[in-house]
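A structural walkthrough
Below, each chain spelled out in residue letters.
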Amino acid sequence: MPGGGIARTDLHAETGHQGFLRHARMRWLKVAIGLSLVSFVAYAFADAQPRPNGGSWIGYTLGTIGALLILWLAALGIRKRVMTPGRWSLKAWTSAHVYLGLALVVIATLHSGFQLGWNVHSLAYALMLIVVGSGIYGISVYATLPRQLSDNRSEMTKSQMIDAVDKLDQQLEAVAQPLDHEHTGIVLRSTGDDPFRGGLYRRLTGRYPRCRTAAALRELRARMALAEGGEDQALAAVVRLLDRKLAALNRIRRHLKIKARLEVWLYVHVPITFALIAALAAHIVSVFFYW
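In every chain, residue numbers begin from 1 and rise along the written sequence. For this predicted model, a pLDDT threshold of at least 70 governs which residues receive local features, and a threshold of 80 or more governs which side-chain atom pairs are given and counted, while totals over whole chains, interfaces and linings are taken from all residues. Each side-chain value is derived from all of the structure's non-hydrogen atoms; neither hydrogens nor water enter the calculation.

**Describing the overall build of the protein**
Note on conventions: DSSP H or I runs of at least 4 residues are helices, E runs of at least 2 residues are strands, and numbering of each starts at the N terminus. Tallying secondary structure elements over the protein gives 13 helices and zero strands in all. The order of helices and strands in the protein, counted from the N terminus, is α-α-α-α-α-α-α-α-α-α-α-α-α. For the protein, the C-alpha radius of gyration of 28 Å lies well beyond 19 Å, the compact-globule estimate for 291 residues. Expressed along its principal axes, the backbone C-alpha trace of the protein runs to roughly 95 × 45 × 25 Å. When accessible area is computed with a 1.4 Å probe and restricted to protein chains, residues below 20% of their type maximum are described as buried, those above 50% as exposed, and intermediate ones as partly exposed. Counting the 291 residues in the protein, one finds 43% classified as buried. In this description the radius of gyration comes from C-alpha coordinates, and the expected globular size is given by 2.2 Å times residues to the power 0.38.

Following this line, the structure appears as structure tokens:
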């Protein structure tokens, strides 16, 4: 839900993701389990004929609880912009968001009475499952990827990684001076290689088949084997620098890949949440229209 845009610093303020998952001795996990159990018992013992469904009294009750929960869970997107300490701190709110979001699956399923079809009611249910599923993915990536991000950077900032590539470009231009025009052209085409080129797909896969540095490295390695008369030594110096530059580019690209994996779930979580609210509104209006 919009609240899923949880800043990494919020999640790892104390002891990593466990900070909010274990907040207040898992208070909200206990609340969520209790709410789920009460809903299940009420559903099991409800005297709804011919069977419990969304139009029975238990169905309306669970549906009301579920609708209110959805709206409250979506409010985290607004709440996260206000940092406050105390009982209703952002960490506490996030903990409640996660566990009550899971309880929502139980409540909404019981509300439906397991009667699903091709209609707006089932659409709202399906969208809710997608939102919750993307939220679970978000928690899992925030639990594992920040360490990979830190390890990849090796205490370098993003600016330092970019500066390292720029300095290697400057060294390449200097070292390529003794080469002939053709070889110099190959080296110069590799400079200014933008590590941020490419869209989301490139960042997620980490595949850059048109990398000019990699292309120059392949070509100059092949030519180095045939060079002679001192040119082979000049080419070897250029190839060593291209090797270092490609390693620096790959470090940046791994950084971008991990960041993309951290953020991509929000491209599903947030828009589908708004779609869920729209479908929920249509679901409620249609129920009262045909009542």
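**Observations concerning the pattern of salt bridges**
Think of a salt bridge as a Lys or Arg side-chain nitrogen and an Asp or Glu carboxyl oxygen that are within 4 Å of each other. Inspection of the entire model under this criterion finds five salt bridges. As a salt-bridge pair, D169 and K245 come within 2.8 Å of each other at their nearest N and O atoms. In this pair, D169 sits in helix 8 (residues 158-175) while K245 sits in helix 12 (residues 231-263), placing the two residues 76 residues apart along the sequence. Each of the two residues, D169 as well as K245, counts as buried.

**Digging into the side chain of H255**
Summarising the element assignment, H255 is placed in helix 12. Contact partners of H255, with chain neighbours within four places excluded, come to L149, N152, R153, K158 and M161. By definition in these notes, contact holds between two residues if any of their heavy atoms fall within 4.5 Å.

**Observations regarding unusual backbone geometry**
Of note in the backbone geometry, R25 takes a positive phi value of approximately 55° without being a glycine. Considering the arrangement of structural elements, one finds R25 in helix 3 (residues 23-45). Despite not being glycine, F114 shows a phi value in the positive range, around 60°. Relative to the helices and strands, F114 is located in the loop between helix 6 (90-112) and helix 7 (120-153).

**What about the confidence of the model for the protein?**
What pLDDT reports is the predictor's confidence in each residue, on a scale of 0 through 100. For the protein, mean pLDDT is 85; residues scoring 70 or higher make up 90% of the total. When pLDDT is averaged over each element of the protein, helix 4 (residues 57-74) comes out on top at 94 and helix 1 (residues 8-11) at the bottom at 42. A low-confidence stretch, residues 1-17 (pLDDT under 50), is modelled with 46 contacts involving residues beyond four sequence positions or located in other chains.

**Examining the packing of aromatic side chains**
Only rings of Phe, Tyr and Trp enter the pairing, Trp through its six-membered ring, and a pair is recorded when the two centres are within 6.5 Å. The plane angle decides the type: under 30 degrees is stacked, over 60 is edge-to-face, the rest tilted. Under the criterion given, the structure shown has three aromatic pairs. Note on Y43 and F114: the rings are 6.1 Å apart at their centroids and 70° apart in plane angle, and the pair reads as edge-to-face. Of this pair, Y43 sits in helix 3 while F114 is found in the loop between helix 6 and helix 7, placing the two residues 71 residues apart along the sequence. Overall, Y43 belongs to the buried group, its relative accessible area being 15%.

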